Amino acid sequence: MDKLYIGIRAEDKSYWERRTPIPPHDCKYIMEKHSKIQIVVQPSTKRIFTDEQYLEVGCLVQEDLSQCKAIVCIKEIPLEKYIEGMTYLHWSHTIKAQPHNMPALDMMLKKNIRHLDYERIYDEKGVNTTAFPYAGIAGIITFLNEYGKFLLKRDIATPFLQIGPTYQYFNKKDAYQALSIAGQAIKERGLPKEAGLPIIIGVLGSTGLCGKGSMEALSNLHVTMVKPSELKELVNSPNDPKHRRTVYVCPFKTTDLVRHQEDYDKEFTSQDYYNHPNQYTPVFHTKYLPYLTIIVNDIYWDHKFPRYVTNSQMRDLVQSGKSRLQAVCDVTCDMEGSIQFLKKYTSPDNPVYFYEPISETIHDEFDSKSPKDIMYMSIDFLPSQLPYDASIDFGVALRDIVPYLAYSDSTKSLEESGLPVFLQNATITLHGQLTHKFQYITHLRNINDQLKEAESFQPKKALKKVPSYLAIKLTGHLFDTGAINKILSLVQSGCKFNIVDIQAGQSDNQQTSCLLQLYSKNKGQLMDEVDKVIQLCETLGIQAEME
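Residue numbers restart at each chain and count upward from 1, following the sequence in its written direction. Local features in this predicted model are restricted to residues whose pLDDT is 70 or higher, and side-chain atom pairs enter the listing and the counts only when it is 80 or higher, whereas totals over whole chains, interfaces and linings include all residues. The basis for the side-chain values is all heavy atoms of the structure; hydrogens and waters are excluded.

## Some words on the sheet that holds strand β9 (residues 248–252)
If DSSP finds at least two bridges between two strands, the strands pair. Note on conventions: DSSP H or I runs of at least 4 residues are helices, E runs of at least 2 residues are strands, and numbering of each starts at the N terminus. Taken together, eight strands build an open sheet; the order of strands is β8-β9-β7-β12-β13-β16-β14-β15 and the sheet is mixed. Each having just a single partner strand, β8 (224–225) and β15 (361–363) make up the two edges of the open sheet.

## Some words on the layout of surface pockets
By volume, the second largest pocket amounts to about 280 Å³. Residues are said to line a cavity or pocket when one of their atoms sits within 4 Å of a point; the points come from a 1 Å grid over protein atoms alone, cavities being sets where a 1.4 Å probe fits but cannot get out and pockets being open sets with protein on both sides within 12 Å along at least five of seven lines. As for the second largest pocket, its lining consists of 15 residues, of which L325, Q326, P371, K372 and D373 are closest to the centre. The residue inventory of the lining of the second largest pocket, partitioned by class, reads six nonpolar, four polar and five charged. Grid points are joined across faces, edges and corners, and a volume is the space filled by probe spheres set on the points. Put simply, Ala, Val, Leu, Ile, Met, Phe, Trp, Tyr, Cys and Pro go in the nonpolar bin, Asp, Glu, Lys and Arg in the charged bin, and everything else, Gly too, in the polar bin.

## Considering the confidence of the model for the protein
Scored from 0 to 100, pLDDT reflects the predictor's confidence in each residue. When pLDDT is averaged along the protein, the result is 90, and 94% of the positions lie at 70 or above. Any two residues whose heavy atoms approach within 4.5 Å at even a single point are treated as in contact. Predicted confidence is poor over residues 454–467, with pLDDT under 50, and the contacts of this stretch with residues over four places away or in other chains come to 12 contacts.

## So, helix α10 (residues 311–319)
Under the scheme applied here, a residue whose accessible area is under 20% of the maximum for its type counts as buried, over 50% as exposed, and between as partly exposed, the area being computed with a 1.4 Å probe on protein chains only. When we look at burial in α10, the residues that qualify are N311, Q313, M314, L317 and V318. Buried residues of α10, viewed axially, fall in a sector of 165 degrees; they line one side. Structurally, α10 contributes buried residues whose contacts are with α9 (284–287), β14 (352–356) and β16 (374–377). With its phi angle positive at about 80 degrees, G321 sits one or two positions after the end of α10. Arc definition: it is the arc formed by the directions from the helix axis to the C-beta atoms.

## Here we look at the pairing of strand β5 (residues 87–90)
Residues of β5 alternate between two faces, with T87 and L89 on one and Y88 and H90 on the opposite face, all of them buried. Bridge count for strand β4 (residues 70–72) against β5 is three bridges, and the pairing is parallel. Across the sheet, A70 pairs through a bridge with T87, a residue of β5. Note that β5 and strand β6 (residues 114–117) share four bridges and pair parallel.

## Considerations on the packing of aromatic side chains
Each pair of aromatic rings is reported with the distance of its centres and the angle of its planes. Between the rings of Phe, Tyr and Trp (Trp by its six-membered ring), a pair exists once the centres lie within 6.5 Å; its type follows the angle of the planes, with under 30 degrees stacked, over 60 edge-to-face, and the other angles tilted. Going through the model one piece at a time under the given rule, you end up with 30 aromatic pairs. For the ring pair F143 and Y147, a centre distance of 6.0 Å and an interplane angle of 5 degrees mean the geometry is stacked. Taken together, the residues F143 and Y147, both in helix α4 (residues 134–153) and four residues apart, mark about one turn of the helix. On the basis of relative accessible area, F143 is assigned to the buried category, the value being 1%.

## Things to note about the pattern of salt bridges
Here the idea is simple: oppositely charged side chains can pair when their charged atoms come close. A carboxyl oxygen of Asp or Glu within 4 Å of a side-chain nitrogen of Lys or Arg is what we treat as a salt bridge. Following the criterion strictly, the structure yields 17 salt bridges and no others. The closest approach of N and O atoms between D400 and K33, which form a salt bridge, is 3.8 Å. Placement of the pair is D400 in the loop between α11 (387–398) and α12 (402–407) and K33 in helix α1 (residues 24–33), with a sequence separation of 367 residues. Among the residues examined, K33 registers a relative accessible area of 52% and is labelled exposed. Put simply, R9, D12 and K81 are held in one network by salt bridges that share partners.

## Looking at the nonpolar core
Membership of the largest hydrophobic core comes to 82 residues, with the highest contact counts inside it found for I39, Y147 and F160. Per-element accounting of this core gives the leading share, 11 residues, to α4. Those residues within four positions of Y147 in sequence are excluded, and the remaining contacts are F160, A195, I199, T293, I294, Q326, A327 and M375. Residues grouped as a nonpolar core are buried Ala, Val, Leu, Ile, Met, Phe, Trp, Tyr and Cys residues, joined through side-chain atoms within 4.5 Å. Of all hydrophobic cores here, the second largest spans 44 residues; its members include C68, I77, M102 and V533.

## A short note on the side chain of N128
Along the chain, the position of N128 falls in the loop between β6 and α4. Identification of polar contacts relies on pairs of N or O atoms within 3.5 Å, with a donor-acceptor requirement for protein atoms, meaning one able to donate a hydrogen and the other able to accept it, and with residues adjacent in sequence counted only if both atoms are side-chain atoms. A distance of 3.3 Å separates a polar atom in the side chain of N128 from the backbone oxygen of E119. Within the local environment of N128, its side chain forms a polar contact with the backbone nitrogen of T130, the two atoms lying 2.8 Å apart. Once residues lying within four places of it in the same chain are set aside, the contact partners of N128 are Y118, E119, I121 and Y122.

## A closer look at the pairing of β16
Both faces of β16 are covered, namely the face carrying I374 and Y376 and the face carrying M375 and M377. By the bridge criterion, three bridges tie strand β13 (residues 327–330) to β16 in an arrangement that is parallel. The residue of β16 that forms the bridge with V328 is Y376. The pairing of β14 with β16 spans four bridges and is antiparallel. Bridge pairing links V352 to M377 in β16.

## Here we look at the environment of L536
You can see L536 is positioned in helix α16 (residues 523–540). A relative accessible area of 21% places L536 in the partly exposed class. Between the alpha carbons of L536 and A104 there is a distance of 34 Å; along the sequence they are 432 residues apart. Once residues within four sequence positions are removed from consideration, L536 is found in contact with K486, I487 and L490.

## Focus on helix α5 (residues 172–189)
Multiplying one less than the number of residues by 1.5 Å gives the expected span of a helix. For α5, with 18 residues, the first-to-last C-alpha span of 25 Å sits near the 26 Å given by 1.5 Å per residue. Taken residue by residue, α5 has A175, Y176, A178, L179, A182, G183, A185 and I186 as its buried positions. Contacts from the buried residues of α5 go to α4 and α6 (209–219). Taking the backbone nitrogen of K173 as reference, a side-chain oxygen 3.2 Å away marks N171 as the first, capping residue of α5. At the C-terminal side of α5, G190 shows a positive phi close to 85 degrees.

## Let's talk about empty space enclosed by the protein
Vacant regions in the atomic arrangement are exposed by a probe of water-molecule size rolled over the atoms. Within this structure, the stated rule accounts for one cavity of 30 Å³ or more. Taken as a whole, the largest cavity encloses approximately 30 Å³ of empty space. Together, R9, A10, E11, E17, R18, R19, S44, K46 and R47 line the largest cavity.

## Some points on the packing of α4 against α5
For any two helices packed against each other, the geometry comes down to the angle between their axes and how far apart the axes lie. It is the contact of α4 with α5, at a shortest axis distance of 11 Å, that shows an interaxial angle of 40 degrees. With respect to α5, the axis of α4 lies oblique. Crossing handedness for the pair α4 and α5: left-handed. Packed against α4, whose contacting residues are Y134, I137, I141 and L144, the element α5 presents K172, A175, Y176 and L179 at the interface. Residues belonging to the contact of α4 with α5 are distributed by class as follows: seven nonpolar, no polar and one charged. Here an axis means a line fitted to C-alpha atoms, over the contact stretch when the element is a helix, while the angle between two N-to-C directions is reported on a 0 to 180 degree scale. Note on angle classes: values under 35 degrees are labelled roughly parallel, values over 145 roughly antiparallel, values of 65 to 115 roughly perpendicular, and the remainder oblique. In a left-handed crossing the near helix is turned counterclockwise from the far helix by less than a right angle, and in a right-handed crossing that turn is clockwise.

Right, dumping it as structure tokens:
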């Protein structure tokens, strides 16, 4: 019987990357259920599962994967290692036309790669089945280890020193045991008042996937949960003996972070905020930030949203003597994003830097002569620090998906290839071209190329130099019907444009929205283009709303 070979790459983006997409026991599951499939594993001496474990379940272990029908991995692939005509399933970080990964997309197109991306694999409920909470979990463990060392450098010993960095634990069970022991030590021996009691950890985005991971990890520290409305009273009673025996955790929702600019009494809804973020103003920095010792940042953010903590807000708070903030654990890692003083990414080798809020400068080493420093952790590949648990969950998610790659025919059209619809929807490249749903990437690349020029049109210049500007919010089935391609082709010839705030529908029955920004030095020409866009949207069944 001719075998259908599926390959598993040895991860090589970073020496810290020890995960595997399919553990040995799931390889066995696949091969026993599908006798025609043979899994081939590239050898690795750092992977969380050994080559011997793969051999024991019947896998082949060899460097050459060229005979495989598909190759599965986790992170990006070096350009020179793409195999001509191969099918790959991995995270490529290309669907938003991320500039630093466009060479990889070009290579996949050049080499006729069929590429499926984890980021677009959704079930019938619109849930990404390959997204896990490990960034939030790993972030908390390593952060608490660093926070303990930070306090020790200030001559303050605490039970946080009993917690190691995440990567030193085989799995989260072992890590949680260390958290529990430290929490019990806090309860029994207490925290020194010199640490700045009460220690209050605020978790932004606590209901999201990362936030749930952070909250799960923190719960093992035997913390005391509090509400945002209780923070002021806690801080105003610094001598309360309970403060020595616990760490307080305060989860924040988006409704705690902003308020409507005009209608203060308007009931907050996430949908209205996401659709009209410019109508909201941040309040977190005045209402709650003065009471926090630590921020854990798990919140989703992009540039259409206001920042929740800016450099100037932090500086003013410190200068007024009202800041208690000692450290930040930034899980989402948006560079100069929701917390503006995220100035650099860190690594497990050097997990933190220090931010001086008055001068707005950073340095890598602790400085005892800089007492206002805020410790900042911003590791941007945290899940790799829990390779065992992350790999186990990956295997569960992929073991019934991988056989489709083996049985499908990449030489045929997407619809005739044999892939189920949910995997067709995750296929970015095929036959040297972007698939229909992802043709918008070409337009986004053009926009990125024009971005610097578009920025010159911002109102920071003298008014007479600013061209006319209008924005249209587009809502509907923009990508799956090809409507966005027709709209952008129309405006390309008439004026300069930018497309931002893409909120992609996560399944075929969900709509996508984006903001189309149009610029022109001729106001009449701009209005003509707007009319053309609106007319075209009417014929395409796309809702067009002037912003």
